[in-house]
Amino acid sequence: MERQMLLCLCLLSLPGLIASSLIGQPRSIGIVNGIEIQNMKINCRVTSRFANYVITSQAINHGNTAQEVIFDVEIPKTAYISNFLITVDGVPYPGNIKDKVLAWKQYRKAVVRGETAGLVRASGRKMEKFNIAVNIGAGSKVNFELTYEELLKRHLGKYEIVIKVKPKQLVKHFEIEADIFEPQEISMLDAQASFLSGDLSQVIKKSFSGKKGHVYFNPTIDQQQACPTCTKSLMDGDFTIKYDVKRDTACDLQVVSKHFAQFFAPKNLRNMVKNVVFVIDISGSMAGQKIKQTRQALLKILDDIKPEDYFNFILFGGHVRAWKNSLIQATADNLQEARVFVQTFSLAGATNLNGGLLEGINILNKALEVDPRLRNNAPIVIMLTDGEPTVGETNLAQIRKNVKNAIQGKFPLYNLGFGENVDFNFLEAMSLENDGTARRIYRDNDAAEQLKGFYEEVANPLLTNVEFQYPKASIQALTEHRVKQFYDGSEIVVAGHLTDGGKKGFKVDVTGKGAGQDMVTTCSVDEEDMKKTLHERGHMFEQQIERLWAYLTIQQLLEKRAKANSKKEVDDLSAKALELSLKYKFVTPLTSMVITKPGDSDDQLAIADKPGEEERAELLSKPRRTMMLPAQQFPPTSRVLSTPRVPPHPQGPPAHVTGVDGDPHFIIQVPEKNDAICFNINEDPGVVLNLIQDPDTGITVNGQLIGDKNHNNGKNKNTYFGRLGIMNQKTGFTLEVTPQNISLHSGMKGPVFSWLDQITMRQEGVTVTIIPTRKLMVSMDDGATMVVVLHRVWKKHPMHQDFLGLYTVDSHKMSPRTHGLLGQFLHSFDFEVFDVQPGSDPKKPDATMLVKNHRLVVTRGSQKDYRKDPWLGSDISCWFVHNNGDGLIDGIHTDYIIPSIF
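Residues numbered from 1 in each chain as written. Predicted model: local features only at pLDDT ≥ 70, side-chain atom pairs only at ≥ 80, totals over all residues. Heavy atoms only, no water.

Colleague: Would you take a moment to explain the state of the cysteines for this structure?
Modeller: The term disulfide refers to a covalent linkage connecting the sulfur atoms of a pair of cysteines. Applying the stated criterion to the full structure yields two disulfides. Across a sulfur-sulfur distance of 1.4 Å, cysteine 251 and cysteine 523 are joined as a disulfide pair. Because the torsion about its S-S bond is -105°, the bridge between cysteine 251 and cysteine 523 counts as left-handed. In this pair, cysteine 251 sits in strand β16 (residues 251-256) while cysteine 523 sits in strand β30 (residues 518-524), placing the two residues 272 residues apart along the sequence. (Disulfide = S-S within 2.5 Å. Helix = DSSP H or I, 4+ residues; strand = E, 2+ residues; numbered from the N terminus.)

In structure tokens:
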């Protein structure tokens, strides 16, 4: 009798909701494979730049069997999800916002997901994907409703709303509607769809008058078709709305109840002259396309530099080189010399990032000291790098300290990280603590345009050292109110929470330094206009101003946290941001949205988290490969798979899943009993356990335990498998698997693969398939097929770390002499359970088990199996054997401790 074993060390696994969807298959008009998407609506309501989006979709299963439907949307990375609701046949499954750390502790069996911690993952440069699959019965209806919010940022003179449209099939009723309300009055409004052309663009209805703007898009089935006889939808692209507001005054101050928002973007200001230093990485890793695109971008930037501006280039590789000894004016001759320099400089070795930055800052500081004329200009440092420092000062904390001490708050630093090998968190923290921002430059064909596009945003400074001064007695809480530089086409937004009575006589003084003169102005509240606005917009206006303040406060607290230098500061900022996130129900990097069954908040279905920049980069940066080792060719009947698949089960006994979860839980299914047994093994981190050993086939599997972070503090004693060794001692095949990589050894050190690789290869009678980011399949010709599941946890989780789970999918070829903690259960054994009675937990009865001539006290429980779905898993009920499986396993558990993994 076959036994399928799972050894999985999950701690917070949340039921994953990513699966193959009917909505992703070929479409026909109306019903597709029994599923009809009856409607899809995107509603956007904007009040004073703060946008609230509600996406709803309804599907019905007309088929005779249960079918799976996916709700799959993309939202801006700057947005916070605030609500999600699934309704199946009238039964609601709501989403609730919880502290992420507490959610992970409470739902240990439901949060480990694979590539990210939840339903939200990176999708392109500016978007995140929200993706959930639901299995609905025959004749059932499912409704999805997702709400998210964001503060629209003014970019090159316009606010932009981007809605990703990709229904993947013809939809009976498809609708996009945007309702915009701006107290300053709307000056322009346009809407376009990248997938529409010619007469079809007239399908978009748009209008604006005074404070209100409206956009409506409701294509018929015929208008959605790619061609008159096609069943394929042409709707695949961006639906973009752009608008701006009138600026009759220097600033707009909106006060409602106990909150205010101020929008500052005065017109008719002269552009300031710039002092700009470009600090460019010319290390060896910039070779090829990256340096080519950098040269192209710099040449385009040189074409745009104004004759009155001053500039210089600093190059850093193993050594640091300045183009000129000081800033020089952008005369025609100097610009031409600069073009020649940009086209001819060569690459040079390592990465002295610290030296290059300090040289650029020093040249700018020196110029300001030596030439008084330059002190009235707007100074800027822009650095581009594609890696981490390798020579000179390489300690990142010390580099941050050096740069901050050198700049001393006098000008902003903008860091551009080229590609995937940069430490973006380091670049961002260094920019933020020096009044700038960081931007990732993606390794695509348009990288040169990305670089130039960033420069255009900072090319026209209008004011420096802008400060907003509010009456201290009126302010209870305030967002950032000092800005180092204000650029043409952008906008400064300040928001605050007023004290009781703070609204009375509320005003603000604004100061800044402009081209040739200082700016001083006072902004006050037009109370009559506010009354009219409240009458027109009602409670929504009041609510949106308050939520705008909360959104902006959380965003800035997280930015401050990113540049914090002490644990206490990080903890204090995190606590404040978390409190607001929970109060206003935003999914931020500190919270999770937990989707539960109706009436049972402990029965979790899914968790949605917001991925950080590191998670986004890891998922998006590396190309996936299809590979086969040279000298190890597939037989004629085999092939390299472009998309890995699970190898088919050999003919034999029916498949039954066994599983393990936690620290570590083993589960063994006994098919003839239609039941399962589970047990724990409690040992210290570093201990290696023999899991499977078959002397006849030569197959051996060992696992090494890892612990929680701070395992030795006396509190956290959980252990998990952090390293697996799979080998065939007869052929010499060995495979080492860790949460970081997969190493193949063939008598000598072999290739190392990442979990992001997509590979199928065959060697020594073994087929190895990597399914990117989550699963590894190992199929041996004369033995079991095994599945290793990677469980990722939040990188900054205070306790847990990534770990592995192991499953044996089919084991009927293993010999009767197979042993080990798992191996001894791969063939038939019998047990009997009787005398079932209530236990200490009413939901978990105790009983007596007779097994291997031992009488044991056991407790009813359940474990998760993640073999088929690394995210969702399936529940396996089992009888739990206490005391490290004593009486169930042969001997005692310490008999299975071995000295090394191989």
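Colleague: Is there a simple way to think about the sheet that holds strand β26 (residues 475-478) in this case?
Modeller: By way of backbone hydrogen bonds, the strands of a sheet pair with one another, either parallel or antiparallel. Reading across from one edge, β16-β17-β28-β26 is the order of the four strands in this open sheet, with antiparallel pairing throughout. At either margin of the open sheet sits one strand with a lone partner, and together these are β16 and β26. Within this sheet the neighbouring strands show an average axis-to-axis angle of 20°, counted without direction. Strand direction decides the pairing type here: β16 and strand β17 (residues 259-264), joined by six bridges, are antiparallel. Looking at the pairing, leucine 253 lines up with glutamine 262 of β17. (Pairing = 2+ DSSP bridges. Axes fitted to C-alpha atoms, helices over the stretch in contact; angles between N-to-C directions.)

Colleague: How should I be thinking about the confidence of the model for the chain in this particular structure?
Modeller: Keep in mind that low pLDDT regions are not for reading the predicted coordinates in detail. Chain-level pLDDT for the chain is 81 on average; 82% of the residues reach the 70-or-more range. Predicted confidence is poor over residues 1-28, with pLDDT under 50, and the contacts of this stretch with residues over four places away or in other chains come to 180 contacts. pLDDT under 50 marks residues 106-119. Its contacts with residues more than four places away, or in other chains, come to 89 contacts. (pLDDT = per-residue confidence, 0-100. Contact = heavy atoms within 4.5 Å.)

Colleague: Quick question: what am I supposed to make of the pattern of salt bridges here?
Modeller: Note on pairing: side chains with opposite charge can pair once their charged atoms come close. Applying the stated criterion across every chain yields a total of 32 salt bridges. Among the ionic pairs, aspartate 303 bridges to arginine 339, the shortest N-O distance being 3.1 Å. One end of the pair, aspartate 303, is in helix α3 (residues 289-304); the other, arginine 339, is in helix α4 (residues 332-344), and 36 residues separate them in sequence. Close ionic contact of arginine 439 with glutamate 457 constitutes a salt bridge, the shortest N to O distance being 3.0 Å. (Salt bridge = Lys/Arg side-chain N within 4 Å of Asp/Glu carboxyl O.)

Colleague: Explain the environment of glycine 318 to me, please; I cannot follow it from the model alone.
Modeller: With respect to the secondary-structure elements, glycine 318 resides in the loop between β19 (310-316) and β20 (320-322). Given the relative accessible area of 23%, glycine 318 is considered partly exposed. As a C-alpha pair, glycine 318 and alanine 350 span 32 residues in sequence and 4.3 Å in three-dimensional space. The residues touching glycine 318, leaving out its near neighbours within four places in the chain, are Ala348, Gly349, Ala350, Asn352 and Val391. (Buried < 20%, exposed > 50% of the residue type's maximum accessible area, 1.4 Å probe, protein only.)

Colleague: What's the story with the nonpolar core in this structure? I'm lost.
Modeller: Side chains of nonpolar character tend, in soluble globular proteins, to be buried together. Counting 57 residues, the largest nonpolar core has Phe84, Phe217 and Phe239 as the members making the most contacts within it. Sort the elements by how many residues they give to this core and strand β2 (residues 35-47) lands first, with six residues. Core analysis: the next-biggest nonpolar cluster, separate from the first, contains 54 residues, Phe679, Leu689, Ile699 and Phe753 among them. (Core = buried A, V, L, I, M, F, W, Y, C linked by side-chain atoms within 4.5 Å.)

Colleague: Can you help me understand unusual backbone geometry in this one?
Modeller: Note on backbone geometry: most residues besides glycine have negative phi, and most peptide bonds are trans. Despite not being glycine, asparagine 268 has its phi angle at roughly 65°, a positive value. Along the polypeptide, asparagine 268 turns up in the loop between β17 and β18 (274-281). A relative accessible area of 74% places asparagine 268 in the exposed class. You will see that aspartate 435, though not glycine, has its phi angle at about 65°, which is positive. In this structure, aspartate 435 sits in the loop between α7 (424-432) and β24 (438-441). Exposure remark for aspartate 435: the relative accessible area of 40% places this residue in the partly exposed category.

Colleague: Please clarify how the pairing of strand β9 (residues 141-151) should be interpreted in this entry.
Modeller: Each regular strand displays side chains that alternate between the two surfaces of the sheet. Most of β9 is tucked away, with eight of its eleven residues classed as buried. Here eight bridges tie strand β5 (residues 80-88) to β9, and the two strands are oriented antiparallel to one another. Residue pairing for β9: tyrosine 80 is matched across the bridge by glutamate 149.

Colleague: Got a minute to help me understand the side chain of serine 574 in this structure?
Modeller: Relative to the helices and strands, serine 574 is located in helix α11 (residues 567-583). Relative accessible area serves as the criterion here: at 14%, serine 574 is assigned to the buried category. At 3.3 Å, the side chain of serine 574 and the side chain of arginine 561 are in polar contact. (Polar contact = N/O pair within 3.5 Å; in protein donor to acceptor, adjacent residues only side chain to side chain.)

Colleague: Please clarify how the sheet that holds strand β12 (residues 186-193) should be interpreted in this entry.
Modeller: The sheet built from three strands is open, its strands ordered β10-β15-β12 with antiparallel pairing. The two strands at the open ends of the sheet, each matched to only one other strand, are β10 (159-165) and β12. Neighbouring strand axes in the sheet, compared pairwise and without regard to direction, differ in orientation by 10° on average.

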